Each structure stands twice: as structure tokens, then as C-alpha cells.
Amino acid sequence: PGMPNKEVLNTFRELRTQLLKLGGNSNMVIMVTSLADKAGTSFISTNLGAVFALDKTKTALLIDCNLYDPSLEKLLDVEPDYGLTDYLAEEKLDVNDIIYATGIPRLRVVPVGTHTEVGAEYFSSARMAGFIENLKTRYPDRYLILDAPPIGVSAEARILTELSDLVVLVVPYGRVNEAQVAAAVDTIGEDRL
């Protein structure tokens, strides 16, 4: 909240406000995806999680679902033992085994994990659906933010769309065309965008 660039802070606050309005002010699963690699989805996800956590009545959980370019581990002061794909692959792991503190009050992160070779199969599993539902219903003040791979190039992002209440689509300036944006909107569905 004390960052010198108030314009950036207020932009993320406005995004949070719009998401809360669309979600009816209840907790939700928000997927952040893009149309191209290196478009800034992790930057958007991280700052969106932080701005939710700034509100003392809310908590945020960032979940790194980008198997091809994971980056949320950088938020951790420790080397994680397990992550999302480990939880999905190994029945013995509990949800609490993969949630880590970030150093920001009320903001936690789930790193991607070590089993990244069959992401689409993990994300379409009943265990993944149960994982998301469990995390959403366990705490009514918790907002889940999925940092997803680009929707235009990965089956994982299309699968994660089905598990999300709302989707933030990051459109990198000058790197995509209108047809690509329209195709992504069709895939996501305007009601979730």
C-alpha cells in the first residue's frame, strides 16, 4: 500500500473492485491467462493477489498453474518441497502440504510442483476439481487466483477456464491480432471474462 507509484496501485485496486462486482462480492476463482507467452500474466496474478490481501477482510491464494513457465516460486523465501502437480499425482499429500506463506500478510502461494509432464491430465482430474472446490469453500474470505498458461496455445488453460468463476485476459500490446482476441473470448465465454 505504500508503493510510490499510486497509479499502478490504483489500477490493481480498480481491477479488484470490478472483479468483486462481477462476482457478487463473494469469494471466487479467478484465472489469469493471456494470448501469448511472456505477456505478464504472473505479474498481473501476483499483484492481483497482493491487492486482495491488502483488504484485511480478505485472503488470497495464488496457484501457479503455468507448467511451461512457472514463476510464483520466486515469492517464497524457502525451496518448496511440494506443489500443485505433486498434490495431484500423490494421494498421500494434503492440501496444507503445498500452501506456502509469501511474507505478505493474508497472501499464500501454491507453487507448480515437480510433475509437469502431463498437466492437461492433472487439471482435468476429479482431484483437481475437488482441490479447487475445497479451497474455495473452506474459507469464505479466500480468493483463488490461478496463474495460467496462454489460452491460445495450451489445453491446460482451456481446462482451467471450466474451474474458474472469472477470467482476466491479458492482451499484450502489438503481439496479437483481433481474430486471436475474438477466439479467446469465444473459448472463455463473455460471461466469465
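Structure: see above.
Owing to the predicted nature of the structure, the values given are computational and were not obtained by experimental measurement. (Residues numbered from 1 in each chain as written. Predicted model: local features only at pLDDT ≥ 70, side-chain atom pairs only at ≥ 80, totals over all residues. Heavy atoms only, no water.)

(A) Highlighting the packing of aromatic side chains. Summed over all chains, the structure comprises three aromatic pairs. Consider the rings of Phe12 and Phe43, whose centres lie 5.9 Å apart with planes at 70 degrees: the pair is edge-to-face. In this pair, Phe12 is assigned in helix 1 (residues 6-22) and Phe43 in helix 2 (residues 41-54), connecting sequence segments 31 residues apart. On the basis of relative accessibility, which here comes to 9%, the residue Phe12 falls in the buried class. Ring plane angle 45 degrees and centroid distance 5.2 Å describe the contact between Tyr87 and Phe131, whose orientation is recorded as tilted. Of this pair, Tyr87 sits in helix 3 (residues 84-89) while Phe131 sits in helix 5 (residues 126-138), and the two are 44 residues apart along the sequence. The pair Tyr87 / Phe131 is uniform in exposure class, with both members buried. For Arg127, the ring lying beneath its charged end belongs to Tyr87, and the centroid distance is 3.9 Å. (Phe/Tyr/Trp six-rings, centres within 6.5 Å; stacked < 30°, edge-to-face > 60°. Helix = DSSP H or I, 4+ residues; strand = E, 2+ residues; numbered from the N terminus. Buried < 20%, exposed > 50% of the residue type's maximum accessible area, 1.4 Å probe, protein only. Lys NZ or Arg CZ within 6 Å of the ring centre and 35° of its normal.)

(B) Main features of the pattern of salt bridges. Under the defined criterion, the tally for this structure stands at six salt bridges. Glu90 is paired through a salt bridge with Lys92; the nearest N and O atoms lie 3.4 Å apart. Of the residues examined, Lys92 reaches a relative accessible area of 62% and is grouped as exposed. A salt bridge links Arg192 to Glu162; its shortest N-O distance comes to 3.9 Å. In this pair, Arg192 is assigned in the segment after helix 7 (178-188) and Glu162 in helix 6 (residues 155-162), connecting sequence segments 30 residues apart. (Salt bridge = Lys/Arg side-chain N within 4 Å of Asp/Glu carboxyl O.)

(C) View of the packing of helix 1 against helix 2. Where helix 1 meets helix 2, the closest approach of the two axes is 9 Å, and the angle between their N-to-C directions is 75 degrees. On the basis of their axis angle, the class for helix 1 and helix 2 is roughly perpendicular. Across the interface between the two elements, Leu9, Phe12, Arg13, Leu15, Arg16, Leu19 and Leu20 of helix 1 pack against Phe43, Ile44, Asn47, Leu48, Val51, Phe52 and Leu54 of helix 2. (Axes fitted to C-alpha atoms, helices over the stretch in contact; angles between N-to-C directions. Parallel < 35°, antiparallel > 145°, perpendicular 65-115°, else oblique. Contact = heavy atoms within 4.5 Å.)

(D) The nonpolar core, seen in detail. Ile63, Leu84, Phe123, Met128 and Phe131 are the most contacted members of the largest nonpolar core, which has 32 residues in total. Among the elements that line this core, the one with the most residues is helix 5, at four residues. In this view, Leu84 contacts Ile63, Asp64, Cys65, Ile98, Val110, Pro111, Val112, Gly113, Phe123, Met128 and Phe131; residues no more than four positions away in its chain are not counted. Counting 24 residues, the second-largest nonpolar core is a separate cluster that includes Leu19, Leu20, Ile44 and Phe52. (Core = buried A, V, L, I, M, F, W, Y, C linked by side-chain atoms within 4.5 Å.)

(E) Seen up close, the sheet that holds strand 6 (residues 166-170). Strand order in the open sheet formed by six strands is 3-4-2-5-1-6, and the pairing between neighbours is mixed. Strand pairing shows two members of the sheet lacking a second neighbour, strand 3 (100-101) and strand 6, which therefore form its edges. Bridge analysis of strand 2 (residues 59-64) against strand 4 (residues 107-110) gives four bridges, and the strand direction is parallel. For Leu61, the partnering residue across the bridge sits in strand 4 and is Arg108. Sitting on the sheet, helix 2 is in contact with strand 1 (29-34), strand 2, strand 4, strand 5 (142-147) and strand 6, with an inclination near 175 degrees to strand 5. Each of strand 1, strand 2 and strand 5 touches helix 5; the most contacted strand, strand 5, lies at about 145 degrees to it. (Pairing = 2+ DSSP bridges.)

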